[in-house]
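Observations on the model geometry
The residues making up each chain are set out below.
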Amino acid sequence: MKRSTQTHDKPLMVKKSTKMSNSWTNCLFHAIKDPNLIVLKDQLITIIKDKYPKSRHHFMVIPNEDIGINSIEDLSKCHVQLIDYMTDKGNQLSHKLNTNIAFRFGFHRIPSLKPLHLHVISQDFDSKYLKTKKHYNSFTTNFFIDSKTVIDNLNQFDKVEALTDEECNHLLKQEIVCHFCRLKIANIPQLKTHLVKHFLKS
Ligand code: AMP
Ligand code: ZN
């Protein structure tokens with residue numbers, strides 16, 4: 001019997017038309033109230049641990065108030081201050097962790113869950129929850145957009161330059177390329193072996 005590789009979190013949704021229609025897409029609304037997941041809360045945002053981290057350090061910054069925005073496609077210039085604030089808070093957290101691993105701060109082009117959430121993720125991808133090519137590609141291709149680019153787009157165009165569903169699908173399905181040295185890699189087990197060379201445990 002073929003065993004599913006995605007037992008812990010839902011597969012990435014890649015169709016804008018059908019996205020976020022199930023009840024599990026609301027789970028982050030509950031997660032931001034879960035003391036076991038909260039790492040920081042202030043007047044505007046809550047930072048939680050990602051329940052299925054794809055790296056050694058993986059958090060999400062989520063606005064406390066439901067502003068009715070689930071995806072970067074719904075953002076406009078008026079949200080620049082909020083995105084900037086979310087990024088700052090994520091950045092501060094990454095510094096507190098005192099690790100020499102680089103972090104990225106950004107969004108999935110097509111998120112699986114609502115509401116809007118900024119990923120704060122260390123770049124080792126050393127995690128048992130990183131199981132599929134889609135997981136890896138969702139954080140290492142243009143499917144992942146840095147919050148700085150989001151802010152630049154909003155300031156310049158009053159929206160984030162969108163990719164089509166087809167482009168997003170293509171990015172998730174593309175061959176594995178090491179984000180660190182650009183080597184092509186055949187599969188996830190080989191990727192894991194390869195990444196150890198770049199990110200030795202300290
Ligand atoms: P996205 O694809 O940007 O919507 O990412 C959603 C993230 O939420 C993934 O990284 C999941 O690992 C994470 N996740 C899924 N369910 C939960 C949960 N109940 N609590 C916290 N994080 C979750
Ligand atoms: Zn490499």
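Residues numbered from 1 in each chain as written. Chains lettered and ligands numbered in written order. Predicted model: local features only at pLDDT ≥ 70, side-chain atom pairs only at ≥ 80, totals over all residues. Heavy atoms only, no water.

Coordination of the zinc ion (ligand 2) by the protein is provided by C178 (SG), C181 (SG), H194 (NE2) and H198 (NE2), with metal-donor distances spanning 2.0 to 2.3 Å. Taken together, the 4 donor atoms coordinating the zinc ion (ligand 2) and their angles of 101 to 115° define a geometry best described as tetrahedral. Summarised as a motif, the one-chain spacing of the donors to the zinc ion (ligand 2) is C-x2-C-x12-H-x3-H. With C181 in the loop between β7 (176-177) and β8 (184-185) and H198 in helix α6 (residues 188-198), the pair connects residues that are 17 residues apart, well separated along the chain. What makes H198 partly exposed here is its relative accessible area of 24%. (Donors = N, O, S within 2.8 Å, 3.2 Å for Na, K, Ca; no water. Tetrahedral: all angles 85-135°; square planar, octahedral: opposite > 155°, others 65-115°. Helix = DSSP H or I, 4+ residues; strand = E, 2+ residues; numbered from the N terminus. Buried < 20%, exposed > 50% of the residue type's maximum accessible area, 1.4 Å probe, protein only.)

Most of strand β3 (residues 58-63) is tucked away: 6 of the 6 residues are buried. What you see with β3 is no split at all: H58, M60 and I62 on one side and F59, V61 and P63 on the other are buried throughout. One ladder, built from 5 bridges, connects strand β2 (residues 45-49) with β3; its direction is antiparallel. When the sheet's bridge partners are listed, I47 is paired in β3 with V61. (Pairing = 2+ DSSP bridges.)

Once that is clear, we can look at the site of ligand 1. In the vicinity of ligand 1 lie 18 residues, with D50, H108, S112, H117 and H119 positioned nearest. At 3.1 Å from an oxygen atom of ligand 1 is found a side-chain nitrogen or oxygen belonging to K54. S112 places a polar main-chain atom, nitrogen or oxygen, 2.8 Å from an oxygen atom of ligand 1. When contributions to the shell around ligand 1 are tallied by element, the ones reaching two or more residues are α1 (27-31) and β3. Looking at the shell around ligand 1, the element that brings in the most residues is α1, giving 3 residues. (Near = heavy atom within 4 Å. Polar contact = N/O pair within 3.5 Å; in protein donor to acceptor, adjacent residues only side chain to side chain.)

Looking now at the nonpolar core. Core analysis: the biggest nonpolar cluster contains 23 residues, and I72, L75, I83, M86, F107, L116 and V150 have the highest contact counts within it. In terms of residue count, helix α2 (residues 80-96) provides more of this core than any other element does, 5 residues in total. Excluding its chain neighbours within four sequence positions, the residues that come into contact with M86 are I45, V61, P63, L116 and L118. Ranked by size, the runner-up nonpolar core spans 14 residues in total, among them I101, C178, L191 and L195. (Core = buried A, V, L, I, M, F, W, Y, C linked by side-chain atoms within 4.5 Å. Contact = heavy atoms within 4.5 Å.)

Applying the stated rule across the entire model yields 6 salt bridges. Salt-bridge contacts for E175 lead to K184; the nearest nitrogen and oxygen are separated by 3.7 Å. A relative accessible area of 45% places E175 in the partly exposed class. Classification of K184 as exposed rests on a relative accessible area of 58%. (Salt bridge = Lys/Arg side-chain N within 4 Å of Asp/Glu carboxyl O.)

Glancing now at the packing of α2 against helix α4 (residues 147-157). Relative to each other, α2 and α4 sit at 165°, their axes nearing to 10 Å. Comparing their axes, α4 and α2 come out roughly antiparallel. In the crossing of α2 with α4, the sense of the turn from one axis to the other is left-handed. Mapping the contact onto sequence places V80, I83, D84 and T87 in α2 and S147, V150, I151, L154 and N155 in α4. Partitioning the contact of α2 with α4 into residue classes produces 5 nonpolar, 3 polar and 1 charged. (Axes fitted to C-alpha atoms, helices over the stretch in contact; angles between N-to-C directions. Parallel < 35°, antiparallel > 145°, perpendicular 65-115°, else oblique. Left-handed = near helix turned anticlockwise from the far one by under 90°. Nonpolar A, V, L, I, M, F, W, Y, C, P; charged D, E, K, R; others polar.)

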